[in-house]
Amino acid sequence: MKKLLCWLKDHPWLLLLDGLLLLLLLFLLRRWFYIWLILYLAVLVLLGLIGLVRVIQGILRKWCKKAFGDPKGKGSEGHPPSKEIHLPPHTYKRPDPMIYSQYYLMSKGLSITWDNPDIQLFDGNSPVSSHDLGTTKNYTIRARIWNGSVDAPAVNMLVRFYYLSFGAGTIRNYIGEKFVDVPVKGAVGLPAVAKHIWTTPAAAGHYCIQVELVWPDDANPDNNLGQENINVKKLNSPNATFEFTLRNDSGFRRRLALTADSYELPSKPPCPERPARDGRIERDPYARHRLSSHPLPEGWRIEFQPADEIVLSPEEEQLITVKVTAPDGFVGRQAINVNAFDGNDLVGGVTLYAES
(Lines give C-alpha, C1' and ligand atoms only; values in the text may rest on other atoms or scores of the structure.)
Protein backbone atom coordinates (compact mmCIF):
# COMPACT_ATOMS: atom_id res chain seq x y z
CA MET A 1 0.00 0.00 0.00
CA LYS A 2 2.82 2.38 0.89
CA LYS A 3 4.62 1.62 -2.37
CA LEU A 4 1.41 2.25 -4.34
CA LEU A 5 0.87 5.64 -2.70
CA CYS A 6 4.47 6.63 -3.26
CA TRP A 7 4.15 5.56 -6.93
CA LEU A 8 0.95 7.62 -7.36
CA LYS A 9 2.63 10.81 -6.10
CA ASP A 10 4.80 10.81 -9.24
CA HIS A 11 1.79 10.22 -11.61
CA PRO A 12 -0.61 13.15 -11.08
CA TRP A 13 -2.66 12.23 -14.16
CA LEU A 14 -3.78 9.04 -12.35
CA LEU A 15 -4.95 11.12 -9.37
CA LEU A 16 -6.90 13.37 -11.76
CA LEU A 17 -8.44 10.30 -13.41
CA ASP A 18 -9.45 8.92 -9.99
CA GLY A 19 -11.16 12.23 -9.20
CA LEU A 20 -13.16 12.11 -12.44
CA LEU A 21 -14.20 8.51 -11.78
CA LEU A 22 -15.39 9.50 -8.29
CA LEU A 23 -17.51 12.32 -9.75
CA LEU A 24 -18.99 9.88 -12.29
CA LEU A 25 -19.82 7.42 -9.50
CA LEU A 26 -21.56 10.13 -7.47
CA PHE A 27 -23.58 11.14 -10.56
CA LEU A 28 -24.71 7.58 -11.19
CA LEU A 29 -25.67 7.14 -7.51
CA ARG A 30 -27.28 10.57 -7.20
CA ARG A 31 -30.57 9.07 -6.09
CA TRP A 32 -28.86 7.64 -3.04
CA PHE A 33 -26.84 10.78 -2.29
CA TYR A 34 -29.16 12.13 0.43
CA ILE A 35 -29.30 8.76 2.15
CA TRP A 36 -25.50 8.59 2.34
CA LEU A 37 -25.40 12.17 3.63
CA ILE A 38 -27.97 11.42 6.34
CA LEU A 39 -26.09 8.28 7.38
CA TYR A 40 -22.86 10.30 7.57
CA LEU A 41 -24.47 12.99 9.72
CA ALA A 42 -26.06 10.32 11.95
CA VAL A 43 -22.66 8.75 12.57
CA LEU A 44 -21.23 12.16 13.49
CA VAL A 45 -24.09 12.84 15.94
CA LEU A 46 -23.69 9.40 17.50
CA LEU A 47 -19.95 9.89 18.00
CA GLY A 48 -20.63 13.34 19.50
CA LEU A 49 -23.15 11.92 21.97
CA ILE A 50 -20.70 9.20 23.01
CA GLY A 51 -17.99 11.83 23.61
CA LEU A 52 -20.38 14.04 25.61
CA VAL A 53 -21.43 11.09 27.79
CA ARG A 54 -17.77 10.28 28.49
CA VAL A 55 -17.07 13.87 29.54
CA ILE A 56 -20.09 13.99 31.88
CA GLN A 57 -19.11 10.60 33.29
CA GLY A 58 -15.60 11.87 34.10
CA ILE A 59 -16.94 15.01 35.82
CA LEU A 60 -19.40 13.00 37.93
CA ARG A 61 -16.69 10.48 38.84
CA LYS A 62 -14.43 13.25 40.18
CA TRP A 63 -17.30 14.91 42.06
CA CYS A 64 -18.39 11.64 43.71
CA LYS A 65 -14.79 10.83 44.65
CA LYS A 66 -14.43 14.17 46.43
CA ALA A 67 -17.86 13.97 48.06
CA PHE A 68 -17.83 10.37 49.30
CA GLY A 69 -14.27 9.15 48.98
CA ASP A 70 -11.76 8.62 51.77
CA PRO A 71 -9.92 11.97 52.30
CA LYS A 72 -6.70 10.03 52.77
CA GLY A 73 -7.15 8.19 49.48
CA LYS A 74 -6.66 4.46 48.90
CA GLY A 75 -2.89 4.45 48.84
CA SER A 76 -1.55 1.58 46.76
CA GLU A 77 -4.86 -0.33 46.65
CA GLY A 78 -5.18 -2.20 43.39
CA HIS A 79 -1.44 -2.15 42.73
CA PRO A 80 0.80 -5.17 43.15
CA PRO A 81 2.66 -5.26 46.49
CA SER A 82 6.22 -3.96 46.50
CA LYS A 83 9.17 -4.70 48.72
CA GLU A 84 8.71 -3.30 52.22
CA ILE A 85 10.84 -0.19 52.78
CA HIS A 86 11.49 1.32 56.19
CA LEU A 87 12.54 4.97 56.35
CA PRO A 88 14.01 5.89 59.75
CA PRO A 89 13.08 9.34 61.15
CA HIS A 90 16.66 10.60 60.86
CA THR A 91 16.76 10.14 57.09
CA TYR A 92 15.33 13.58 56.25
CA LYS A 93 15.99 16.63 58.41
CA ARG A 94 15.32 20.30 57.76
CA PRO A 95 17.35 23.22 59.11
CA ASP A 96 15.71 25.98 61.16
CA PRO A 97 17.63 29.22 60.50
CA MET A 98 16.42 31.92 62.86
CA ILE A 99 16.99 35.44 64.10
CA TYR A 100 15.49 37.41 66.99
CA SER A 101 12.04 37.82 65.42
CA GLN A 102 9.61 40.16 67.14
CA TYR A 103 6.57 39.00 65.20
CA TYR A 104 7.21 35.33 65.96
CA LEU A 105 7.88 35.89 69.67
CA MET A 106 4.81 38.08 70.09
CA SER A 107 2.67 35.37 68.45
CA LYS A 108 3.83 33.08 71.27
CA GLY A 109 2.63 35.49 73.95
CA LEU A 110 6.12 36.78 74.81
CA SER A 111 7.30 40.33 75.38
CA ILE A 112 9.62 41.81 72.77
CA THR A 113 12.08 44.60 72.31
CA TRP A 114 12.77 46.39 69.04
CA ASP A 115 16.38 46.83 70.16
CA ASN A 116 17.31 43.64 68.33
CA PRO A 117 20.20 41.72 69.93
CA ASP A 118 21.03 40.05 66.58
CA ILE A 119 21.29 43.22 64.47
CA GLN A 120 24.08 45.75 65.00
CA LEU A 121 25.40 48.70 62.99
CA PHE A 122 29.11 49.51 62.81
CA ASP A 123 30.96 52.65 61.83
CA GLY A 124 34.24 51.07 60.87
CA ASN A 125 34.98 48.76 63.79
CA SER A 126 32.93 50.74 66.32
CA PRO A 127 29.32 49.75 67.06
CA VAL A 128 26.81 52.58 66.70
CA SER A 129 23.15 52.90 67.60
CA SER A 130 20.60 53.00 64.79
CA HIS A 131 18.96 56.11 66.30
CA ASP A 132 21.96 58.38 65.67
CA LEU A 133 23.18 58.01 62.10
CA GLY A 134 24.75 60.44 59.66
CA THR A 135 23.35 61.12 56.19
CA THR A 136 24.85 59.54 53.04
CA LYS A 137 27.35 57.68 55.18
CA ASN A 138 28.49 54.08 54.93
CA TYR A 139 27.72 51.75 57.82
CA THR A 140 28.13 48.00 58.13
CA ILE A 141 25.08 45.99 59.14
CA ARG A 142 25.97 42.82 61.00
CA ALA A 143 23.30 40.15 61.54
CA ARG A 144 23.72 37.10 63.76
CA ILE A 145 21.93 34.01 62.48
CA TRP A 146 21.14 30.91 64.54
CA ASN A 147 19.96 27.40 63.75
CA GLY A 148 17.34 25.58 65.80
CA SER A 149 18.20 22.21 64.21
CA VAL A 150 20.89 19.92 65.61
CA ASP A 151 20.84 17.77 62.45
CA ALA A 152 20.65 19.94 59.32
CA PRO A 153 22.79 22.97 58.35
CA ALA A 154 21.64 25.70 55.96
CA VAL A 155 24.30 25.93 53.27
CA ASN A 156 24.56 29.10 51.18
CA MET A 157 21.44 30.65 52.71
CA LEU A 158 20.18 33.97 51.34
CA VAL A 159 20.04 36.94 53.75
CA ARG A 160 18.27 40.14 52.64
CA PHE A 161 18.74 43.56 54.21
CA TYR A 162 16.21 46.43 54.24
CA TYR A 163 15.78 49.82 55.85
CA LEU A 164 12.49 51.46 56.87
CA SER A 165 11.38 54.85 58.06
CA PHE A 166 11.13 54.99 61.84
CA GLY A 167 7.71 53.72 62.82
CA ALA A 168 5.28 50.79 62.62
CA GLY A 169 4.17 49.27 59.33
CA THR A 170 6.29 51.65 57.24
CA ILE A 171 7.51 50.85 53.73
CA ARG A 172 10.73 48.89 53.55
CA ASN A 173 13.49 49.67 51.06
CA TYR A 174 15.88 47.08 49.69
CA ILE A 175 19.57 47.43 50.64
CA GLY A 176 21.13 44.23 49.36
CA GLU A 177 21.68 40.57 50.06
CA LYS A 178 24.38 38.13 51.09
CA PHE A 179 24.80 34.36 51.29
CA VAL A 180 26.00 32.64 54.43
CA ASP A 181 26.48 29.08 55.74
CA VAL A 182 24.64 28.32 58.99
CA PRO A 183 25.98 25.23 60.84
CA VAL A 184 23.86 23.04 63.09
CA LYS A 185 22.97 24.04 66.63
CA GLY A 186 25.91 23.64 68.97
CA ALA A 187 28.52 23.48 66.22
CA VAL A 188 31.56 25.71 65.84
CA GLY A 189 30.71 28.76 63.74
CA LEU A 190 27.29 29.41 65.26
CA PRO A 191 25.93 32.02 65.25
CA ALA A 192 26.74 32.68 61.63
CA VAL A 193 27.32 36.33 60.74
CA ALA A 194 26.07 38.10 57.61
CA LYS A 195 27.40 41.61 56.84
CA HIS A 196 26.36 44.25 54.34
CA ILE A 197 27.40 47.84 53.68
CA TRP A 198 24.56 50.38 53.86
CA THR A 199 24.77 53.97 52.64
CA THR A 200 22.22 55.99 54.61
CA PRO A 201 19.71 58.21 52.75
CA ALA A 202 20.45 61.87 52.15
CA ALA A 203 17.38 62.91 54.14
CA ALA A 204 18.06 63.24 57.84
CA GLY A 205 15.87 61.21 60.18
CA HIS A 206 15.55 58.01 62.14
CA TYR A 207 15.62 54.69 60.28
CA CYS A 208 15.26 51.09 61.26
CA ILE A 209 16.91 47.96 59.86
CA GLN A 210 15.20 44.74 58.83
CA VAL A 211 16.94 41.43 58.14
CA GLU A 212 15.15 38.55 56.41
CA LEU A 213 16.37 34.97 56.12
CA VAL A 214 15.31 33.12 52.97
CA TRP A 215 15.41 29.32 53.04
CA PRO A 216 12.77 27.44 50.97
CA ASP A 217 12.74 24.25 53.08
CA ASP A 218 12.70 25.79 56.56
CA ALA A 219 11.43 23.79 59.55
CA ASN A 220 9.97 27.04 60.96
CA PRO A 221 9.76 29.94 58.48
CA ASP A 222 8.00 32.19 61.03
CA ASN A 223 11.20 33.15 62.89
CA ASN A 224 13.10 34.49 59.87
CA LEU A 225 12.39 38.24 60.09
CA GLY A 226 14.10 40.51 62.62
CA GLN A 227 13.96 44.28 63.01
CA GLU A 228 16.02 46.94 64.78
CA ASN A 229 13.90 50.02 65.57
CA ILE A 230 14.89 52.31 68.46
CA ASN A 231 15.05 55.98 69.46
CA VAL A 232 16.77 57.59 72.45
CA LYS A 233 15.86 60.94 74.03
CA LYS A 234 17.03 62.85 77.09
CA LEU A 235 14.46 63.60 79.78
CA ASN A 236 13.76 67.28 80.23
CA SER A 237 12.26 68.05 83.64
CA PRO A 238 11.19 65.13 83.55
CA ASN A 239 9.58 64.75 80.12
CA ALA A 240 10.60 63.37 76.75
CA THR A 241 8.70 63.54 73.47
CA PHE A 242 9.06 60.98 70.68
CA GLU A 243 7.51 60.81 67.24
CA PHE A 244 7.07 57.93 64.83
CA THR A 245 4.94 57.06 61.80
CA LEU A 246 2.10 54.56 62.10
CA ARG A 247 1.07 53.10 58.75
CA ASN A 248 -1.62 50.68 57.65
CA ASP A 249 0.33 48.42 55.29
CA SER A 250 -2.68 46.20 54.51
CA GLY A 251 -5.28 46.40 51.78
CA PHE A 252 -8.23 46.98 54.08
CA ARG A 253 -9.34 49.42 56.78
CA ARG A 254 -7.81 48.84 60.22
CA ARG A 255 -8.29 49.95 63.80
CA LEU A 256 -4.81 49.96 65.34
CA ALA A 257 -4.33 49.99 69.11
CA LEU A 258 -1.12 51.29 70.71
CA THR A 259 0.24 49.73 73.89
CA ALA A 260 3.35 50.32 75.98
CA ASP A 261 5.43 48.08 78.24
CA SER A 262 8.89 48.13 79.83
CA TYR A 263 10.37 44.80 78.72
CA GLU A 264 14.14 44.53 78.26
CA LEU A 265 16.19 41.45 77.50
CA PRO A 266 17.11 39.97 80.88
CA SER A 267 20.47 38.50 81.73
CA LYS A 268 20.92 34.83 80.91
CA PRO A 269 19.92 32.40 83.67
CA PRO A 270 22.47 29.97 85.09
CA CYS A 271 22.87 26.79 83.09
CA PRO A 272 21.46 24.34 83.97
CA GLU A 273 18.49 26.14 85.47
CA ARG A 274 18.30 25.80 89.24
CA PRO A 275 15.33 23.77 90.54
CA ALA A 276 12.73 25.36 92.78
CA ARG A 277 12.73 24.74 96.53
CA ASP A 278 10.43 21.76 96.14
CA GLY A 279 12.93 20.17 93.76
CA ARG A 280 10.92 20.78 90.59
CA ILE A 281 12.00 22.78 87.56
CA GLU A 282 9.94 25.91 86.93
CA ARG A 283 6.96 24.85 84.82
CA ASP A 284 7.00 27.91 82.53
CA PRO A 285 10.59 28.56 81.39
CA TYR A 286 9.39 31.76 79.67
CA ALA A 287 7.66 33.23 82.71
CA ARG A 288 10.00 36.22 82.91
CA HIS A 289 9.37 37.01 79.23
CA ARG A 290 5.58 37.05 79.40
CA LEU A 291 3.93 40.29 78.32
CA SER A 292 1.88 40.57 81.50
CA SER A 293 5.07 40.61 83.60
CA HIS A 294 6.37 43.94 82.27
CA PRO A 295 4.00 46.84 82.91
CA LEU A 296 5.37 50.38 83.01
CA PRO A 297 7.18 51.07 86.29
CA GLU A 298 5.31 52.93 88.98
CA GLY A 299 5.28 56.69 88.46
CA TRP A 300 5.81 56.57 84.68
CA ARG A 301 3.11 58.03 82.42
CA ILE A 302 2.65 57.60 78.67
CA GLU A 303 0.38 59.70 76.45
CA PHE A 304 -0.30 58.97 72.78
CA GLN A 305 -1.39 61.76 70.46
CA PRO A 306 -3.76 61.99 68.68
CA ALA A 307 -5.04 58.83 70.47
CA ASP A 308 -4.09 55.31 71.54
CA GLU A 309 -6.49 53.86 68.93
CA ILE A 310 -6.20 54.98 65.32
CA VAL A 311 -8.42 54.01 62.39
CA LEU A 312 -6.47 54.00 59.13
CA SER A 313 -7.50 53.32 55.56
CA PRO A 314 -5.29 51.11 53.36
CA GLU A 315 -1.80 52.60 52.91
CA GLU A 316 -2.72 55.57 55.15
CA GLU A 317 -0.14 57.01 57.58
CA GLN A 318 -0.49 58.88 60.86
CA LEU A 319 2.23 60.71 62.80
CA ILE A 320 2.13 59.52 66.41
CA THR A 321 3.52 61.64 69.25
CA VAL A 322 4.48 59.83 72.45
CA LYS A 323 4.85 61.99 75.54
CA VAL A 324 6.78 60.27 78.31
CA THR A 325 6.80 61.55 81.89
CA ALA A 326 9.23 60.06 84.38
CA PRO A 327 8.76 60.04 88.15
CA ASP A 328 10.48 62.84 90.08
CA GLY A 329 14.11 62.16 90.82
CA PHE A 330 14.54 59.42 88.20
CA VAL A 331 18.14 58.71 87.27
CA GLY A 332 19.13 56.21 84.62
CA ARG A 333 17.66 54.81 81.42
CA GLN A 334 14.18 53.39 80.91
CA ALA A 335 13.07 51.27 77.96
CA ILE A 336 9.52 51.75 76.66
CA ASN A 337 8.26 49.41 73.95
CA VAL A 338 5.38 50.79 71.90
CA ASN A 339 3.55 48.15 69.88
CA ALA A 340 0.69 48.54 67.39
CA PHE A 341 -1.94 45.79 67.23
CA ASP A 342 -4.79 44.98 64.91
CA GLY A 343 -6.77 42.82 67.30
CA ASN A 344 -4.20 40.24 68.42
CA ASP A 345 -1.98 40.68 65.36
CA LEU A 346 1.23 42.67 65.79
CA VAL A 347 1.55 45.32 63.06
CA GLY A 348 4.87 46.80 64.21
CA GLY A 349 6.45 48.85 66.92
CA VAL A 350 9.37 50.84 68.25
CA THR A 351 11.51 50.83 71.38
CA LEU A 352 12.03 54.20 73.01
CA TYR A 353 14.73 54.93 75.59
CA ALA A 354 14.22 57.82 78.01
CA GLU A 355 17.38 58.65 79.92
CA SER A 356 18.37 61.30 82.41
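Placed above this text is the structure.
Residues numbered from 1 in each chain as written. Predicted model: local features only at pLDDT ≥ 70, side-chain atom pairs only at ≥ 80, totals over all residues. Heavy atoms only, no water.

Scanning the protein chain from N- to C-terminus turns up four helices and 18 strands. In the protein chain, buried positions account for 33% of the 356 residues. Taking the intrachain contacts of the protein chain between residues at least 6 apart in sequence as the baseline, contacts between residues at least 24 apart amount to 71%. For the protein chain, the exposed area adds up to about 23,300 Å²; of that, 59% sits on carbon and sulfur atoms. (Helix = DSSP H or I, 4+ residues; strand = E, 2+ residues; numbered from the N terminus. Buried < 20%, exposed > 50% of the residue type's maximum accessible area, 1.4 Å probe, protein only. Contact = heavy atoms within 4.5 Å. Areas by Shrake-Rupley, 256 points an atom, 1.4 Å probe, with all protein chains shown as cover.)

Attention shifts here to the packing of aromatic side chains. Under the defined criterion, the tally for this structure stands at six aromatic pairs. Judged by centre distance (5.9 Å) and plane angle (70°), the rings of Tyr-162 and Tyr-174 are edge-to-face. Placement of the pair is Tyr-162 in strand S5 (residues 154-165) and Tyr-174 in strand S7 (residues 172-182), with a sequence separation of 12 residues. Given a relative accessible area of 47%, Tyr-174 falls into the partly exposed group. With centroids separated by 4.8 Å and ring planes inclined at 80°, the aromatic side chains of Trp-300 and Phe-330 adopt a geometry described as edge-to-face. Taken as a pair, Trp-300 in the loop between strand S13 (254-261) and strand S14 (301-305) and Phe-330 in the loop between strand S16 (317-325) and strand S17 (333-342) lie far apart in primary sequence, 30 residues in all. (Phe/Tyr/Trp six-rings, centres within 6.5 Å; stacked < 30°, edge-to-face > 60°.)

Another point: the sheet that holds strand S11 (residues 230-234). One open sheet accounts for five strands, arranged S11-S18-S17-S13-S15; its pairing is mixed. Pairing within the sheet leaves two strands with one partner each, and these edge strands are S11 and strand S15 (309-312). The mean angle between the axes of side-by-side strands here comes to 25°, regardless of whether they run parallel or antiparallel. Looking at chain direction, S17 and strand S18 (residues 345-355) are connected through 10 bridges and run antiparallel. Bridge pairing in S18 links Phe-341 to Leu-346. (Pairing = 2+ DSSP bridges. Axes fitted to C-alpha atoms, helices over the stretch in contact; angles between N-to-C directions.)

Here the largest pocket defines a volume of roughly 1,200 Å³. Looking at the largest pocket, it is lined by 32 residues, and the ones nearest its centre are Tyr-100, Leu-105, Leu-265, Tyr-286 and His-289. For the lining of the largest pocket, the secondary-structure elements that each account for two or more residues are helix H4 (102-107) and strand S4 (138-147). At three residues, S4 tops the list of elements feeding residues into the lining of the largest pocket. Partitioning the lining of the largest pocket into residue classes produces 16 nonpolar, seven polar and nine charged. The volume enclosed by the second largest pocket comes to roughly 340 Å³. Forming the walls of the second largest pocket are 22 residues, and the residues nearest its centre are Tyr-103, Leu-225, Asp-249, Leu-346 and Val-347. Put simply, the parts of the chain that give the lining of the second largest pocket at least two residues each are H4, strand S6 (167-168), strand S10 (225-228) and S18. (1 Å grid on protein atoms, 1.4 Å probe; cavity = no way out; pocket = protein on both sides within 12 Å on 5 of 7 lines; lining within 4 Å. Points joined across faces, edges and corners; volume = space filled by probe spheres on them. Nonpolar A, V, L, I, M, F, W, Y, C, P; charged D, E, K, R; others polar.)

What follows covers the pattern of salt bridges. Using the criterion set out here, one finds 12 salt bridges in the structure. Taking the shortest distance from any N to any O, the salt bridge between Arg-247 and Glu-317 comes out at 4.0 Å. Within this pair, whereas Arg-247 is found in strand S12 (residues 239-247), its partner Glu-317 is found in strand S16, the two being separated by 70 residues in sequence. With relative accessibility at 8%, the residue Arg-247 sits in the buried group. Counted as one network, the salt bridges with shared partners bring together Lys-234, Arg-333 and Glu-355. (Salt bridge = Lys/Arg side-chain N within 4 Å of Asp/Glu carboxyl O.)

The alternating pattern of strand S8 (residues 192-199) places Ala-192, Ala-194, His-196 and Trp-198 on a buried face, while none of Val-193, Lys-195, Ile-197 and Thr-199, on the opposite face, is buried. Pairing analysis gives eight bridges linking S4 to S8, with the strands arranged antiparallel. Paired with Tyr-139 across the two strands is Trp-198, which belongs to S8.

On to the sheet that holds S5. Within a sheet, neighbouring strands are paired by backbone hydrogen bonds and run either parallel or antiparallel to one another. Strand order in this open sheet of four strands is S7-S5-S9-S10, and the pairing throughout is antiparallel. Either end of the sheet is taken by a strand with one partner, and the two such strands are S7 and S10. Sheet twist, expressed as the mean angle between neighbouring strand axes with direction ignored, is 20°. Here nine bridges tie S5 to S7, and the two strands are oriented antiparallel to one another. When the sheet's bridge partners are listed, Tyr-163 is paired in S7 with Asn-173.

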